[in-house]
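# Coordinate inspection notes
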Amino acid sequence: MKFDKYILITGGAGFIGSHLLRKFVINYKNYFIVNVDNLTYASNYNSIEDLESSLNYKFIKGDISDRIFIQNIFSNYKIDYVIHLAAESHVDNSIENPLVFVKTNILGTINLLDQARLNWPKDSSKHLFYAISTDEVFGSLGKTGNFHEGSPYQPKSPYSASKASADHFIRAYGNTYNLPYIISNCSNNYGPNQHLEKLIPLTINNIVNNKHVPIYGDGKAVRDWIFVMDHVDAIDTIFHHGNVGENYNVGSNKEIKNIDLVKLICSILDKRLKLNNSELLIKYVQDRPGHDLRYAIDASKIMNELNWKPRTKFNKGLEITIDWYIKKLVTKI
Ligand SMILES: NC(=O)c1ccc[n+]([C@@H]2O[C@H](COP(=O)([O-])OP(=O)(O)OC[C@H]3O[C@@H](n4cnc5c(N)ncnc54)[C@H](O)[C@@H]3O)[C@@H](O)[C@H]2O)c1
């Protein structure tokens, strides 16, 4: 069977990757999708297992930083597009163990870039290396202002430094080898399938299990949140309509202080589970070293040029997320 595109999606067993993979495998039967993921602790293979029966899909377990492995993927599957999500993604872990972040996020990305460079012709309008990056590469904002596409890179944690470094290599490959690339930098995602170590699932899990909910510092750090399916739609739009050599900021303009977010989750869970004031579980703990104060994304470029906009209102998305975790954690479905 011949397909129109042969796409390597990396990290398809992770939080964002699992939703993206499902959308692409189901909606684009004319594409063949190879999902490479080495199934770290952060992955959730169960969430994508049912896709195995699809004729346009192949899962291959492996490490993106393994040169021979990636070389074989490119040659065996004639890969002509890459959507790169595989990463170590938890800031706290990057503070504990930065070298793992260097290996996966930097070396892994360069390894993929190099195979794209070696396998794709110089004049390659039918190829694309599309990397999913983060707004954290821009560093931290004061009380006002937004990150836009031209904001300088000022990463402040080993995680964001590793993502920034990967982005620099992608641009360098674009400039030096003419490799067709796009980068998008997205704000904090939330939704079903996220690992329990991240703020929203951690808060839900702890409340459900009647455990303390830790809040870093004074809880006044501000994050800009987007529902994961809106991010997936943005990736789909950028993949199909984005301009090569560009970067796009993706966000849904929903800034909220961590403490306010946690209190909102408490109030929704109190109603859903008939709890008696779960806010009492909140416990302030020592701040994360170098904790960024505020992120906020200006997404007007993708909205104006590619006609994308987020569709999910924050409260609605949060309720969908909470209900999904209640089902998973309480009724164990
Ligand atoms: N979650 C967010 O809020 C957010 C926001 C902006 C950008 N991003 C970026 O989006 C991407 C996906 O994020 P996520 O939240 O889904 O991450 P995640 O941690 O949930 O998933 C990452 C996936 O990558 C896989 N992986 C890790 N190391 C690998 C390796 N060496 N080889 C192969 N696979 C490997 C893991 O097994 C996992 O399935 C990342 O690149 C991240 O930097 C995430």
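For the structure, check the block above.
Residues numbered from 1 in each chain as written. Predicted model: local features only at pLDDT ≥ 70, side-chain atom pairs only at ≥ 80, totals over all residues.

## Structural notes on the overall build of the chain
The helix and strand inventory of the chain stands at 10 helices and 12 strands. The C-alpha atoms of the chain give a radius of gyration of 20 Å, which matches the 20 Å a tight globule of 333 residues would have. Each of the three principal axes of the chain carries a C-alpha extent, and together these read 60 × 45 × 40 Å. Counting across all 333 residues of the chain, residues that qualify as buried make up 44%. A separation threshold of at least 6 residues defines the contact pool for the chain, and within that pool the share at least 24 residues apart is 82%. (Helix = DSSP H or I, 4+ residues; strand = E, 2+ residues; numbered from the N terminus. Rg over C-alpha atoms; globule rule 2.2 N^0.38 Å. Buried ≥ 20, exposed ≤ 12 C-beta atoms within 10 Å, placed from the backbone. Contact = placed C-beta atoms within 7 Å.)

## Re the site of the ligand
The ligand sits among 30 residues. The nearest are Gly11, Gly14, Phe15, Ser43 and Ala87. The set of elements that each furnish at least two residues to the shell around the ligand consists of helix H1 (15-27), strand E2 (31-37), helix H4 (98-119), strand E5 (128-134) and strand E7 (188-190). Sorting elements by how many residues they give to the shell around the ligand places H1 first, with 3 residues. Residues that form the shell around the ligand fall into these classes: 12 nonpolar, 14 polar and 4 charged. (Near = placed C-beta within 6 Å. Nonpolar A, V, L, I, M, F, W, Y, C, P; charged D, E, K, R; others polar.)

## Details of the packing of H1 against helix H7 (residues 228-241)
With their axes 9 Å apart at the nearest point, H1 and H7 run at an angle of 60° to one another. Regarding the angle of H1 to H7, the classification is oblique. Two packed elements cross with a definite hand, and for H1 against H7 that hand is right-handed. Where H1 abuts H7, its residues Phe15, Ile16, His19, Leu20 and Lys23 lie against Val228, Met229, His231, Val232, Ile235 and Asp236. Of the residues belonging to the contact of H1 with H7, the class tally is 7 nonpolar, 2 polar and 2 charged. (Axes fitted to C-alpha atoms, helices over the stretch in contact; angles between N-to-C directions. Parallel < 35°, antiparallel > 145°, perpendicular 65-115°, else oblique. Left-handed = near helix turned anticlockwise from the far one by under 90°.)

## Comments concerning the packing of helix H2 (residues 67-77) against H4
Closest axis-to-axis distance for the H2/H4 pair is 10 Å, and the angle between their directions is 40°. Classified by the interaxial angle, the pair formed by H2 and H4 is oblique. Read as a crossing pair, H2 and H4 show a hand that is right-handed. Each of Arg67, Ile70, Gln71 and Phe74 in H2 lies in contact with H4, whose residues at this interface are Asn111, Leu112, Gln115 and Asn119. Looking at the contact of H2 with H4 residue by residue, the classes come out as 3 nonpolar, 4 polar and 1 charged.

## A closer look at the sheet that holds strand E9 (residues 222-227)
Sheet architecture is open: 3 strands sit in the order E7-E9-E11, paired in mixed fashion. Edge positions in the open sheet fall to E7 and strand E11 (255-257), since each of these has one partner strand only. Pairwise comparison of adjacent strand axes, ignoring direction, gives a mean angle of 50° for this sheet. In this sheet, E9 lies alongside E7 in parallel orientation, the contact comprising 3 bridges. Across the sheet, residue Tyr190 finds its bridge partner in E9, namely Phe227. (Pairing = 2+ DSSP bridges.)

## Notes on the nonpolar core
Counting 80 residues, the largest nonpolar core has Ile9, Ile33, Val82 and Phe129 as the members making the most contacts within it. Ignoring sequence-local partners within four residues, the contact set of Val82 consists of Leu8, Leu112, Ala116, Phe129 and Tyr130. (Core = buried A, V, L, I, M, F, W, Y, C linked by C-beta atoms within 7 Å.)

## Digging into the environment of His195
With respect to the element layout, His195 can be found in the loop between E7 and helix H6 (199-208). The spatial distance from the C-alpha of His195 to the C-alpha of Asn44 is 8.1 Å, given a sequence separation of 151 residues. Excluding residues that lie within four positions of it along the chain, His195 makes contacts with Phe15, Ala42 and Pro201.

## Details of the pairing of strand E4 (residues 81-84)
Covered by surrounding structure in E4 are Tyr81 and Ile83 together with Val82 and His84, the residues of both alternating faces. Where strand E1 (residues 5-10) lies against E4, 4 bridges are found, and the strand directions are parallel. In the strand pairing of E4, Ile7 is matched with Tyr81. Where E4 meets E5, 4 bridges bridge the pair, whose relative direction is parallel. By the bridge assignment for E5, His84 is matched with Ala131.

## Comments concerning the environment of Lys143
In this fold, Lys143 is placed in the loop between E5 and helix H5 (158-177). Along the sequence, Lys143 and Arg294 sit 151 residues apart, while their C-alpha atoms lie 7.2 Å from each other.

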